[in-house]
Amino acid sequence: MKGLITRQRLTRLTSFASTQLAVQLIGFAAGILLVRHLAQAQYGYYTLAISMASIAVILSDLGLATATMAIGGRLSGLGAALGHLVADANVIHRRLAWVSLIVVIPCFVLMLMRQQAAPWQVAALSVLIVATAALNVRAGIALSIARLLGHIGLQQKLDLGINLAKLALLMAASWWVLDATVACVVNLAVAAAYFVVLTRHLDVHIELPAQPTAVHATALRQHLYKQAPNSVYFVLSSQLALWLIGFFGSAERVAEVGALSRLAALFTVIAAVSAALVLPYFARHDGHAELRAGFAGINVFYAALLALLCAVAVLFPAPILWVLGGNYGALHTELVWMVVASTFAAWGGTLYSIGCARGWVLPIGLTVSTGLLATTAAASLVDVSTVRGSFVINTVTGATSTVVAFAYFSWQLKRHLRLKAAPT
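The shown structure was predicted, so the numbers you read here are calculated from the model rather than taken from an experiment.

Asker: Got a minute to help me understand the packing of aromatic side chains in this structure?
Answerer: A ring pair, where both rings are aromatic, is described by two values, the distance of the centres and the angle of the planes. Under the defined criterion, the tally for this structure stands at 9 aromatic pairs. Between phenylalanine 301 and tyrosine 302 the ring centres are 5.3 Å apart and the planes differ by 70°, which places this aromatic pair in the edge-to-face class. Three or more aromatic residues joined by ring pairs form one cluster here, namely Phe295, Trp360, Phe406 and Phe409. Taking the ring centre of tryptophan 322 as reference, the NZ or CZ of arginine 36 above it sits at 5.6 Å. Just above the ring of phenylalanine 247 sits the side chain of arginine 114; from NZ or CZ to the centre is 4.1 Å.

Asker: I keep staring at the side chain of glutamate 334 and nothing clicks. Help me out?
Answerer: Locating glutamate 334 in the fold gives a position in helix H13 (residues 332-358). There is no salt bridge for the buried glutamate 334, and the closest opposite charge comes from arginine 388, which lies 6.4 Å off by N-O distance. Dropping the residues within four chain positions of it, glutamate 334 is found in contact with Leu260, Val387, Arg388 and Phe391.

Asker: Honestly, unusual backbone geometry in this entry has me stumped. Any pointers?
Answerer: Even without a glycine there, the phi angle at leucine 62 is positive, about 55°. With respect to the helices and strands, leucine 62 occurs in the loop between helix H2 (40-59) and helix H3 (64-72). Although it is not a glycine, glutamine 116 sits at a positive phi angle of roughly 65°. Classification of glutamine 116 as exposed rests on a relative accessible area of 69%.

Asker: Where do I start with a nonpolar patch on the surface in this structure?
Answerer: A contiguous nonpolar surface patch, about 490 Å² in accessible area, is contributed by Trp98, Val99, Leu101, Ile102 and Val103. Among the structural elements, valine 103 can be located in helix H4 (residues 79-114). Under the relative-accessibility criterion, valine 103 is labelled partly exposed at 41%.

Asker: What is the right way to read the packing of H2 against helix H8 (residues 217-248) from this model?
Answerer: Helix packing geometry: the angle between the two helix axes and the distance between the axes. Remark: H2 packs on H8, axes separated minimally by 9 Å, with the N-to-C direction vectors making an angle of 170°. Considering their axes alone, H2 and H8 lie roughly antiparallel with respect to each other. Every residue of H8 that contacts H2 at Thr47, Leu48, Ser51, Met52, Ser54, Ile55, Ile58 and Leu59 is listed here: Ser231, Val232, Val235, Gln239, Leu242 and Trp243. Its residues placed into classes, the contact of H2 with H8 shows 9 nonpolar, 5 polar and no charged.

Asker: I tried to follow helix H7 (residues 180-205) on my own but got confused; where do I start?
Answerer: Residues spaced three or four apart along an α-helix face the same direction, because each turn holds 3.6 residues. Between its first and last C-alpha atoms H7 spans 38 Å; for 26 residues at 1.5 Å apiece the expected length is 38 Å, and the two agree. All of the buried residues along H7 are Ala180, Thr181, Ala183, Cys184, Val186, Asn187, Val190, Ala191, Tyr194, Leu198, His201 and Leu202. Sitting at the amino-terminal end of H7 is aspartate 179, which places a side-chain oxygen 3.1 Å from the backbone nitrogen of threonine 181.

Asker: I keep staring at the environment of tryptophan 243 and nothing clicks. Help me out?
Answerer: Among the structural elements, tryptophan 243 can be located in helix H8. Apart from residues no more than four positions distant in its own chain, tryptophan 243 is found in contact with Ser51, Met52, Ile55, Met111 and Leu236.

Asker: Would you mind going over the pattern of salt bridges with me for this structure?
Answerer: Between side chains of opposite charge, pairing is possible as soon as their charged atoms come close. For the structure shown, the criterion picks out 1 salt bridge. Between glutamate 256 and arginine 253 there is a salt bridge, with its nearest N and O atoms 3.0 Å apart. Here glutamate 256 and its partner arginine 253 are both found in helix H9 (residues 251-262), 3 residues apart, which amounts to about one turn of the helix. Judged by its relative accessible area of 10%, glutamate 256 falls in the buried class.

Asker: So what exactly am I meant to see when it comes to H2 here?
Answerer: Counted at 1.5 Å a residue, the expected span for H2 with its 20 residues is 28 Å, and the 29 Å between its end C-alpha atoms agrees. Across the 20 residues of H2, 15 count as buried, placing the element largely inside the fold.

Asker: Honestly, the environment of isoleucine 105 in this entry has me stumped. Any pointers?
Answerer: Position of isoleucine 105 among the secondary structure elements: in helix H4. Each C-alpha atom of the pair isoleucine 105 and isoleucine 129 lies 9.1 Å from the other, and the pair is 24 residues apart in sequence. Excluding residues within four positions of it along the chain, isoleucine 105 makes contact with Ser100, Ser126 and Val130.

Scoring rules and cut-offs
Residues numbered from 1 in each chain as written. Predicted model: local features only at pLDDT ≥ 70, side-chain atom pairs only at ≥ 80, totals over all residues. Heavy atoms only, no water. Phe/Tyr/Trp six-rings, centres within 6.5 Å; stacked < 30°, edge-to-face > 60°. Lys NZ or Arg CZ within 6 Å of the ring centre and 35° of its normal. Helix = DSSP H or I, 4+ residues; strand = E, 2+ residues; numbered from the N terminus. Buried < 20%, exposed > 50% of the residue type's maximum accessible area, 1.4 Å probe, protein only. Lys, Arg positive; Asp, Glu negative; His and termini not counted. Salt bridge = Lys/Arg side-chain N within 4 Å of Asp/Glu carboxyl O. Contact = heavy atoms within 4.5 Å. Patch = residues over 30% accessible without salt bridge, like charges linked within 9 Å, V, L, I, M, F, W, Y side chains within 5 Å. Areas by Shrake-Rupley, 256 points an atom, 1.4 Å probe, with all protein chains shown as cover. Axes fitted to C-alpha atoms, helices over the stretch in contact; angles between N-to-C directions. Parallel < 35°, antiparallel > 145°, perpendicular 65-115°, else oblique. Nonpolar A, V, L, I, M, F, W, Y, C, P; charged D, E, K, R; others polar. Expected span 1.5 Å × (residues − 1). Polar contact = N/O pair within 3.5 Å; in protein donor to acceptor, adjacent residues only side chain to side chain.

By themselves, these observations are geometric and do not establish any function.
The structure is reproduced here in structure tokens:
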């Protein structure tokens with residue numbers, strides 16, 4: 001692990017992780033406020049809206065933020081070049097956003113109408129999720145550049161300030177009127193604030209061109225061609241179980257899935273730390289020993305985390321579920337399945353992301369063939385209209401993707417060593 005763990009890196013990691021822990025505690029409080037104050041049907045609508053917003057983000061990104069980081073890693077310190085890269089990425093995003101709009105809206109409308117949501121609320125939520133997704137993707141591109149520039153402090157301050165504002169807005173709304181629509185309006189306001197601050201920050205630190213020049217358009221598209229199929233597959237597979245329960249089950253069952261998922265706030269902290277510190281590490285470093293040490297450390301961490309969280313969920317389910325309120329106190333078995341599913345999802349997602357940061361993108365044929373086989377097998381063995389069935393499907397899918405990503409990254413590491421050892 002020498003070279004990977006240094007005093008400076010540990011200091012940055014500790015500082016960032018502690019800030020993210022505070023951010024996620026605030027976000028967790030906001031999530032619990034929603035769980036406790038929204039009627040179950042409204043929380044079901046909100047859960048479906050968040051799911052569709054996530055899909056809209058993926059479809060209008062398709063790995064664009066990761067591609068920006070991968071290409072930008074070779075342009076560090078070149079403000080003008082980074083400016084052209086951001087401008088070219090924004091042009092591609094505008095085109096992808098229309099694809100997101102065409103695909104997501106009909107699916108979302110059908111799902112909510114089946115859950116007997118009011119037509120006005122269906123229309124309002126549809127507009128809100130599309131606008132929120134568009135702002136999140138544009139902010140994600142800007143954040144990739146900020147991370148490459150080493151401006152981690154900006155993200156820390158921004159996350160703290162905006163999440164505090166979000167919690168305050170939700171608390172104020174809970175005293176007046178709080179439903180799925182109001183909650184999504186708050187999410188849109190947060191996304192807008194994040195976007196404005198990040199874009200203004202980049203205006204100061206890099207040289208944005210007056211007009212895009214398409215200098216990096218080809219390289220960005222090449223990254224997208226490799227990443228897009230996997231991005232689409234991963235978002236569809238991760239949301240499939242929720243869609244099944246939303247289509248075959250009730251809004252109350254959807255609400256239970258959403259409420260339990262709120263308890264997975266820890267994984268948001270881990271994902272934030274990984275995106276800010278781990279992915280740039282793999283993007284910048286090319287030494288085989290450093291890459292191998294980083295890969296080993298990530299897998300040891302997730303294996304230990306899985307064992308610890310499963311033990312806590314089995315031994316202490318009642319105190320954990322008490323946080324969600326009386327409507328969700330009986331979900332003991334479902335809690336354990338949620339922990340396992342969330343851990344594997346985070347584990348596999350991290351391995352896939354660090355591969356993308358290196359340009360080692362999983363072949364779509366391998367991803368889809370193994371994933372579809374696992375998902376189909378799991379769905380055939382459980383009741384897809386139940387909360388337990390939903391998390392079992394996610395567990396099997398997540399575990400399969402983790403194993404496949406682990407094997408592929410290991411193979412790429414061996415290939416990298418052979419290339420390094422070969423005479424030039």
